[in-house]
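# Close look at the chain arrangement
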Amino acid sequence: MSSKPSILVTRRWPQAVEQVLSERFETTLNEADLPMSPAGLAAALRSHDAVLPTVSDRLPADLFSGGGLKAKILGNYGVGYNHIDVAAAKAAGIVVTNTPGVLTDCTADIAMTLLLSVARRAGEGEREVRAGQWSGWRPTHMIGAKVTGKTLGIVGFGRIGKAMAKRCHFGFDMDVVFYNRSRIDPAEASRYGARQLETVEDVLKAADFVSLHCPGGGENRHLINAERLAMMKRHAYLVNTARGDVVDETALVDALRNGVIRGAGLDVFEAEPNVPEALRELENVVLLPHLGSATEETRVAMGMKVVDNITAFFAGREPPDRVA
Ligand code: DGY
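Residues numbered from 1 in each chain as written. Predicted model: local features only at pLDDT ≥ 70, side-chain atom pairs only at ≥ 80, totals over all residues. Heavy atoms only, no water.

### A short note on the site of the ligand
Surveying the vicinity of the ligand reveals the residues V55, G78, V79, G80, L103, R243 and H290. Contact distances for the ligand include 2.6 Å between an oxygen atom and a backbone N or O atom of V79. Between the ligand and the protein, one listed contact pairs an oxygen atom with a side-chain N or O atom of R243 at 2.7 Å. Summarising the interface, the protein chains cover 88% of the accessible area of the ligand, which totals 230 Å² for the free molecule. The residue makeup of the shell around the ligand, split by class, is 3 nonpolar, 3 polar and 1 charged. (Near = heavy atom within 4 Å. Polar contact = N/O pair within 3.5 Å; in protein donor to acceptor, adjacent residues only side chain to side chain. Areas by Shrake-Rupley, 256 points an atom, 1.4 Å probe, with all protein chains shown as cover. Nonpolar A, V, L, I, M, F, W, Y, C, P; charged D, E, K, R; others polar.)

Quick look at the structure:
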């Protein structure tokens, strides 16, 4: 019998991180990298001291009921944790940690990628070239919207919202307004070239580009619904790198089809990995497969954060990134 805590990693992680985990803990890896079933996750909570999930796992309340739990900590690989019923985990005596800070820049970079791609029709253009359908340069070909100097509206002025503001204001001369639940010191906001407005609606009405950076789940579910989409300018674009459920996808499809807004750039979806055909059919939307944090540096750093959290926990110290 090993005296090391037993841990189960639900997906493949960067090799360097799996190696450290395997040295420090009695580690069960998911070598096939197949998503785990609810029954598999329920069993893992009953057979291991720690379970290390990702956004592709669902851990609702019923997984924590019925007794027999062995797990004492969920070391989530990711900053967002709305796939875990944190209240139920806490009630079952399980600590939950996440990985803030290390994915800020890369997620803001993907938001910027989507904003530029949808405004400048990069997805459409790439499809045209690959299909061998480009007939040559002409003054009226695939005209998009200028980004420089426009107004960006941010919903959620946390680390990633601020990083996006910085890119847009200092890189693209944009006027940046934002909505945030709590008050941000205007001096702090101005460091990012941004100013706070009172309501989400104020931001939607003012912006040429709206970028979402708030958590998913809870009261943010369908924060962007048909009514709010209709408040946006007709030439405006929506960018979502936060969580799919922040946007009512059906309402968004209607808005994109009917010219309520001009386009959207999406990295996250309501029922990942399923992306509705109605969205996939539209030309005025750029779709990415949840790539926000997908760089080598960031994915390793995320894993090392989990290592730090569970190492601290099993050493009897407070995990640095405890959320419950
Ligand atoms: C995050 O960290 O929240 C990313 O979206 C991956 O889960």
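Having seen it, we continue.
### Side note on the environment of I224
Residue placement: I224 occurs in the loop between β9 (209–212) and α9 (226–231). Given the relative accessible area of 0%, I224 is considered buried. The spatial distance from the C-alpha of I224 to the C-alpha of P38 is 29 Å, given a sequence separation of 186 residues. Apart from residues lying up to four places away in sequence, I224 is in contact with L204, L212, L229, L238, V246, V247 and D248. (Helix = DSSP H or I, 4+ residues; strand = E, 2+ residues; numbered from the N terminus. Buried < 20%, exposed > 50% of the residue type's maximum accessible area, 1.4 Å probe, protein only. Contact = heavy atoms within 4.5 Å.)

### Quick notes on the domain arrangement of the protein chain
Along its sequence, the protein chain is organised into domain 1 (6–102 + 296–314) and domain 2 (104–287). Taking only C-alpha atoms, the centre of domain 1 and the centre of domain 2 are 31 Å apart. Facing the 7 residues of domain 1 at the interface are 7 residues of domain 2. Roughly 560 Å² of surface becomes buried between domain 1 and domain 2 when both sides are summed, with 46% attributable to carbon and sulfur atoms. At the boundary of domain 1 and domain 2, one finds 2 residue pairs in polar contact (both at pLDDT 80 or more). Looking at the side of domain 1 that touches domain 2, its residues break down into 3 nonpolar, 4 polar and no charged. (Domains from an automatic or database assignment. Buried area = accessible area lost by both parts, 1.4 Å probe.)

### Re the sheet that holds strand β4 (residues 73–75)
Read from one edge of the open sheet, 5 strands run β2-β1-β3-β4-β5, paired in parallel fashion. The open sheet has two edge strands, β2 (26–28) and β5 (95–97), and neither has a second partner. Looking at each pair of strands side by side, their axes are set apart by 20° on average, direction ignored. Sheet topology note: the β4/β5 ladder contains 3 bridges and is parallel. Across the sheet, residue I73 finds its bridge partner in β5, namely V95. The sheet strands contacting helix α12 (residues 296–314) are β1 (6–9), β3 (50–52), β4 and β5, and the helix crosses β4 at an angle near 160°. (Pairing = 2+ DSSP bridges. Axes fitted to C-alpha atoms, helices over the stretch in contact; angles between N-to-C directions.)

### Structural notes on the pairing of strand β6 (residues 151–155)
Most of β6 is tucked away, with 5 of its 5 residues classed as buried. Examined bridge by bridge, β6 and strand β7 (residues 175–179) share 5 bridges and lie parallel to one another. Residue I154 lies in a different strand from β7, and its bridge partner there is F178. Crossover handedness for the path β6 to helix α6 (residues 159–172) to β7: right-handed. The pairing of β6 with β9 spans 4 bridges and is parallel. Residue pairing across strands places V155 opposite L212, the latter belonging to β9. (Right-handed = clockwise from strand over helix to strand, strands pointing away.)

### A short note on the side chain of Q196
With respect to the element layout, Q196 can be found in strand β8 (residues 194–196). Within the local environment of Q196, its side chain forms a polar contact with the backbone oxygen of S182, the two atoms lying 3.1 Å apart. A polar contact is formed between the side chain of Q196 and the backbone nitrogen of I184, at a distance of 2.8 Å. Setting aside residues no more than four positions away along its own chain, Q196 makes contact with F178, N180, S182, R183 and I184.

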